[in-house]
Every structure is written in structure tokens, then in C-alpha cells.
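# Topology and contacts: notes
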Amino acid sequence: MTAPIPDPMLPRPFRIEKVRRDLSDTFTMELVPAEGGEFTFAAGQFNMLYVFGVGEVPISISGDPGDRSVLVHTTRAVGAVTKALDALKAGEVVGVRGPYGTPWPVEAAFGHDLVFVAGGVGLAPLRPAIYQAMANRERFGRVVVFYGARTPEDILFKRELERWRGRFDMSVHVTVDRATGKWSGNVGVVTNLVAKGGFDPSATMAFVCGPEVMMRYSAAALEKRGVARPSIYMSMERNMKCGCGLCGHCQWGPHFVCKDGPVFRYDRIADLLSIREL
Amino acid sequence: MGQPHDLGNIIDEHPFFKGIDSGLRDLLVGCAANERFEVGEFLAREGRPADKFYLLRAGQVAVEVDVPGKQPVVLETMGEGEVLGWSWVVPPYVSTFDCRAATLVRALSFDGKCLRAKMENDPALGYEVLRRFVPMMGHRLASARLQILDLYGPSVAKAVKSKKKAG
Ligand SMILES: Cc1cc2nc3c(=O)[nH]c(=O)nc-3n(C[C@H](O)[C@H](O)[C@H](O)COP(=O)(O)OP(=O)(O)OC[C@H]3O[C@@H](n4cnc5c(N)ncnc54)[C@H](O)[C@@H]3O)c2cc1C
Ligand code: FES
């Protein structure tokens, strides 16, 4: 007898182990499979998270791909489903479908300088790639993180950024658009940090994640610095339904973002990014 | 103040004047001086004559606006490898913002009046300097425009505290 093929639209129940508030509208959940087992994924992939009775949303995985025991998601509560997710507590159950989508090409970047450019909550989808890079630190030249947030209070994973900055084998540069309180760090857009360099553009791979406008200008700053388009990758967000290439809801030009992305090579999407109607 | 030879080296090594012709560089040296600013000292003040610009060599400068009765608003910070100030090249040569040393700052300053006179007399020097300032001004304008966009969505800075404890 052949085993039944699992329905790709059927979510797997996961129990919320822990919830940590990162910012007043952003939280990180640690999930474990309710029926036991492990969860494997590649850095950059996402899951469809289902809040029972409310709806489903695509959320990137923000944890360590080397740790299969726990599934980590960092979410900003912006609307119906993400707010319902925010209202859940440890012990409650969510449905998970995935992992879906293309990963950050961390292994293809071996032998290069690796530059991460993140904006706002965009640091969350990049974090698994940063973990993976640091677990293989000797395989890279310089590892540089450029991160921009709106204000010092909006800086995601602040303690982790501080910890990374304390390492001798990684440089971390943080900037805010608006200084508040006692902030004594950089003020200005994240593209200014990119413009200052600190990496060898001819041997650099860059991974960019954040609001689309920020990604466009960051890619332009990287290019201006001498990084070739095929060495730049970015993660796109589009509304999704199935998340796995079945419904066409996420179509973007010739691509389905859920299947051909969310991580795209910049030279393959640069033209699409400039089309307003898409 | 450093020797002209040292100043020439500093100019050569600074990204802003990278690749400059040595003859033109020697003309710049005549208007340059090494300077150092302690934390809190001002490199420029809003509304005062913009008689200098700076090649920043080390430290951080806050470009800010004074708001009466409040903390000054920092618009941008600048540091090593950057050039600070372009009001010296645009009439009426008045500084638009306060520029305060946020850390100990080392910089090469250029006397605007001295340099303007040399640029007036030597169009090759004038072109070379403006050729480098114009893209920098364009970049700064683009950055300022991006900065006023609310790129990252609403700030959480003023958001009401939610029921989950901040960690
Ligand atoms: C591949 C992929 C990965 C994603 N990863 C993450 C992640 O790791 N963390 C995360 O917080 N979000 C992530 N998102 C975005 C997330 O899916 C949306 O925020 C979510 O679908 C919104 O659903 P909702 O029902 O809560 O809000 P809706 O009711 O659908 O929307 C409410 C309001 O929020 C606005 N909104 C919708 N989407 C976004 C958005 N992306 N950013 C800002 N405002 C938005 C809408 O315009 C609307 O005004 C990802 C999206 C994709 C496609
Ligand atoms: S969301 Fe259905 S095809 Fe992409």
C-alpha cells in the first residue's frame, strides 16, 4: 500500500514554547512540533503561519538553521492575522506550513566577503544567514552587517547586535534615521553606511532585506561601491495565499514570489523593481 | 599644524581627493591645516560664516539643528573618510547647520576664502574641486530625501506599551 501524499495545504500543529517581545509591535515566537519531531529549513525560507479561525500569513524563519529542535519566527503586528498571532501565549497552538521559498545562497558566498544590509524588521529574515555565516566563519573574508532602523527604540535584536559587534571577526554598523534620547551612534540612512565600504567590492556577496525602497537604494549603493548585480540578493514580499506555487496569488512579472523567491538575485529582478504597477 | 608634505599625503590618502593630480594637490595644501576637536566643540555654527570645510580623518561629527528649549536634533552623523561642509562654495557662504564633535575629531580643514581665490585663478583646480563636491552634494540630498520617507513604517518609539513584557 502506498503512503498517502501529505496535503500541501494542511498545516502542521506547532506549540508555542516561548514568546519574547522585541519591540512594542514586534515579537519572537519559539515553536515546537506538537506531535514531536524536528524542523529543518534553509536560511531565508518562510512558513505560512495559521492562526486558527483567523487566517494565514507568510513569515520568514528568524532562528538558527543549525538548531532543528525549535522553529523561530519574528513578526511585526500590522493587521488582522499578525495581531491575532501577537495575542497568542505560550502553550497555545498555531498551524505551520512550510518551509517554502528560495534560501540566501550562503554556501555560494564561501570565499567572499559577506555583506548583510538590513532595514527595520528585515533583520529577522537575514538572521538565519548571519548564524550560518558565523558557524562557518573561516570560509569567508570579511563579514559585515549594516543595519538601519527608524529610531534607537526600533532597533531589533539589540543585544544580539551588540554581541556581534563585540566579536573580532565581524563588523556591525548600526544607524538610525532619527536620533532620540541618549543615542550616540550613527544617524542617517543605511545606504550611507554602505557607501563607506569596509569590504572588497570585487569579491563581495551582499544579502539585502528590508522595505522595498530601502532595498532598491541599498542595491544602488552597493553597485556604486563596485559590487556586481549578480552578487547582490534581496528578499521580496508579496501577498500570498498558498505559499507553494499553486494559486498564482503572488505573481510578480514572470515570477511566483513564493516559489522563485522570496530571495532573488538582483540582476534578475532589477527591471521589475522599477515598474510601478507591479 | 602639519608640514606641507604631511598635509599633501593626508590629502592623497583621503577618499575624497583620491587620484588628484599632484600639481593641483599642492595648491590645496596651501589652504589646508590639521585640526583636532574635543567632544562638544563645534566645527561649524548655523548662521555663521562658512569659512572652512573639513576632510574628516577620525572621530564622529553630529550635524544638528538647535531647537529652542529642547535637545538639538541630530540630522546626520559623519565620520572618517567623509567631507564635511559645502556652504563655503555657495554664496553667501553661511553655515546651514551646527556641526559638533560627538567624539574626539581629527580633520584636515581648508580655508574657503583661500581656496575660492585659487579656484578663481586656476579653472583646472576649480573644476577638480567642484567635480568632487557636486556628486557629494547630490548624494547628501538623496540621503536626506530617503531619510524623511518613513521607510520602516510607524515608529514604535511612541507606541503604547503592550501587555507582553519588553525583553
Ligand atoms: C515571504 C514573506 C516573508 C515575510 N516575513 C515576515 C517576517 O519575518 N516578519 C513579519 O513581521 N512580516 C513578514 N512578512 C509580512 C507579513 O506576511 C505581513 O505583514 C502579513 O501578511 C500581514 O498580514 P495581516 O493579516 O496581519 O495584515 P493585513 O490585514 O493583511 O494588513 C494590515 C495592514 O498592514 C499592512 N501590511 C501588510 N503587509 C505588510 C508588510 N509586509 N509590512 C508592513 N505593513 C504591511 C497592510 O498594508 C495593511 O495596511 C513576510 C511576507 C512575505 C511575503
Ligand atoms: S502564493 Fe500561491 S502561487 Fe505563490
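In this text, all values refer to a predicted model and were calculated from it rather than measured experimentally.

### Considerations on the overall build of chain B
The helix and strand tally for chain B stands at four helices and eight strands. Walking chain B from its N terminus toward its C terminus, one meets helices and strands in the order α-α-β-β-β-β-β-β-β-β-α-α. Taken across its 167 residues, chain B has 41% of its residues classed as buried. A separation threshold of at least 6 residues defines the contact pool for chain B, and within that pool the share at least 24 residues apart is 74%. In the form shown here, chain B has an accessible surface area of approximately 9200 Å², with 57% of it arising from carbon and sulfur atoms.

### Here's the deal with the site of ligand 1
Residues and elements named next belong to chain A. Neighbouring ligand 1 are 17 residues, the closest being Pro58, Thr74, Arg76, Thr82 and Glu237. A distance of 2.9 Å separates a nitrogen atom of ligand 1 from a polar backbone atom of Thr74. At a separation of 3.4 Å, an oxygen atom of ligand 1 approaches a polar backbone atom of Ala80. Surface burial for ligand 1 is 65%, taken as the share of its 900 Å² of free accessible area covered by protein chains. Of all elements in the fold, only strand 4 (55–60), strand 5 (71–76) and helix 1 (80–86) reach the threshold of two or more residues within the shell around ligand 1.

### Regarding the confidence of the model for chain B
When pLDDT drops low, the exact placement of atoms in the prediction is not to be read closely. Summary statistics for chain B give a mean pLDDT of 88 and a share of 89% for residues scoring 70 or more. When the criterion is pLDDT under 50, residues 158–167 of chain B qualifies, and its contacts beyond four places in sequence or with other chains add up to 15 contacts.

### Side note on the state of the cysteines
For the structure shown, the criterion picks out one disulfide over all chains. Cysteine Cys209 of chain A remains unbridged, with the sulfur of Cys250 of chain A as its closest cysteine sulfur at 16 Å.

### A closer look at the interface of chain B and chain A
Listed per partner, the contact involves 29 residues of chain B and 36 residues of chain A. Here chain B meets chain A over a buried area of about 2700 Å², counting both sides, of which 52% is carbon and sulfur. The partner of Glu82 of chain B in a salt bridge is Lys196 of chain A, with the nearest N and O atoms 3.3 Å apart. For the pair chain B and chain A, the interface holds eight residue pairs in polar contact (both at pLDDT 80 or more). Contributions of two or more residues to the side of chain B that touches chain A are made by strand 5 (73–79) and helix 4 (123–148) of chain B. Each residue belonging to the side of chain B that touches chain A can be placed in one class, and the counts come to 13 nonpolar, 10 polar and six charged.

### Points about helix 2 (residues 123–135) of chain A
Over its 13 residues, helix 2 of chain A extends 18 Å from the first C-alpha to the last, a length consistent with the 18 Å expected when each residue adds 1.5 Å. Along helix 2 of chain A, the residues classified as buried are Leu123, Ala124, Pro125, Leu126, Arg127, Pro128, Ala129, Ile130, Ala133 and Met134 of chain A.

### Concerning the domain arrangement of chain A
All names here are of chain A. Each domain of chain A was delimited in the assignment, giving domain 1 (12–100) and domain 2 (107–273). Computed over C-alpha atoms only, the centres of domain 1 and domain 2 are separated by 22 Å. With both chains or domains summed, domain 1 and domain 2 bury close to 1600 Å², and 66% of this area falls on carbon and sulfur atoms. On the domain 1 side of the interface with domain 2, the three residues burying the most area are Leu23, Phe46 and Ser62, jointly 27% of the side's total.

### Thoughts on the sheet that holds strand 7 (residues 98–101) of chain B
All names here are of chain B. One open sheet holds the four strands; their spatial order is 2-7-4-5, and the pairing between them is antiparallel. In this open sheet, the two strands that pair with only one neighbour each are strand 2 (42–44) and strand 5. On average, each strand axis in the sheet is tilted by 30° relative to the strand beside it, whichever way the strands run. Pairing of strand 4 (residues 60–65) with strand 5, which is carried by six bridges, proceeds in the antiparallel orientation. Note on strand 5: the bridge partner recorded for Glu64 is Val74.

### Points about helix 7 (residues 266–273) of chain A
Counting along an α-helix, one turn takes 3.6 residues, and residues three or four places apart therefore face a common direction. Within helix 7 of chain A, the full set of buried residues consists of Tyr266, Ile269, Ala270, Leu272 and Leu273 of chain A. Along its buried surface, helix 7 of chain A packs onto helix 5 (212–225), strand 12 (232–235), strand 13 (251–252), strand 14 (255–256) and strand 15 (263–265) of chain A.

### Description of the packing of helix 2 of chain A against helix 3 (residues 158–165) of chain A
Residues and elements named next belong to chain A. The geometry of helix 2 relative to helix 3 is characterised by a closest axis approach of 13 Å and an angle of 35° between their N-to-C directions. As for how helix 2 packs across helix 3, the hand of that crossing is left-handed. For the pair formed by helix 2 and helix 3, the contact residues are Leu123, Arg127, Ile130 and Tyr131 on the first element and Glu160, Leu161 and Trp164 on the second. Each residue belonging to the contact of helix 2 with helix 3 can be placed in one class, and the counts come to five nonpolar, no polar and two charged.

### Notes on the environment of Val129 of chain B
Residue and element names in this part refer to chain B. With respect to the element layout, Val129 can be found in helix 4. Spatially, the C-alpha atom of Val129 lies 14 Å from that of Ser87, the residues being 42 residues apart in sequence. Discounting residues that sit within four places of it in the chain, Val129 has contacts with Leu28, Trp88 and Met119.

### Concerning the sheet that holds strand 2 (residues 26–33) of chain A
Residues and elements named next belong to chain A. Within the open sheet, the six strands sit side by side as 4-3-6-1-2-5. Their pairing is antiparallel. Both edges of this open sheet fall to strand 4 and strand 5, since each of them pairs with a single strand only. Direction aside, the axes of adjacent strands within the sheet are offset by 40° on average. As paired elements, strand 2 and strand 5 share six bridges and run antiparallel to each other. By the bridge assignment for strand 5, Met29 is matched with His73. The sheet contacts of helix 2 involve strand 1 (12–23), strand 2, strand 4 and strand 5, and relative to strand 5 the element is tilted by about 155°.

### Here we look at the pattern of salt bridges
All names here are of chain A. By the definition in use, this model includes 25 salt bridges over all chains. Two residues, Asp25 and Arg76, come together in a salt bridge whose shortest N-O distance is 2.8 Å. With Asp25 in the loop between strand 1 and strand 2 and Arg76 in strand 5, this pair connects stretches of sequence that are 51 residues apart. Since its relative accessible area comes to 16%, Asp25 is described here as buried. On the accessibility criterion, Arg76 (19% relative accessible area) is buried. Close ionic contact of Glu160 with Arg127 constitutes a salt bridge, the shortest N to O distance being 2.7 Å. Of the two residues, Glu160 is situated in helix 3 and Arg127 in helix 2; the sequence distance between them amounts to 33 residues. You'll find Glu160 and Arg127 in the same group, each marked buried.

Rules of the game
Residues numbered from 1 in each chain as written. Chains lettered and ligands numbered in written order. Predicted model: local features only at pLDDT ≥ 70, side-chain atom pairs only at ≥ 80, totals over all residues. Heavy atoms only, no water. Helix = DSSP H or I, 4+ residues; strand = E, 2+ residues; numbered from the N terminus. Buried < 20%, exposed > 50% of the residue type's maximum accessible area, 1.4 Å probe, protein only. Contact = heavy atoms within 4.5 Å. Areas by Shrake-Rupley, 256 points an atom, 1.4 Å probe, with all protein chains shown as cover. Near = heavy atom within 4 Å. Polar contact = N/O pair within 3.5 Å; in protein donor to acceptor, adjacent residues only side chain to side chain. pLDDT = per-residue confidence, 0-100. Disulfide = S-S within 2.5 Å. Buried area = accessible area lost by both parts, 1.4 Å probe. Salt bridge = Lys/Arg side-chain N within 4 Å of Asp/Glu carboxyl O. Nonpolar A, V, L, I, M, F, W, Y, C, P; charged D, E, K, R; others polar. Expected span 1.5 Å × (residues − 1). Domains from an automatic or database assignment. Pairing = 2+ DSSP bridges. Axes fitted to C-alpha atoms, helices over the stretch in contact; angles between N-to-C directions. Left-handed = near helix turned anticlockwise from the far one by under 90°.

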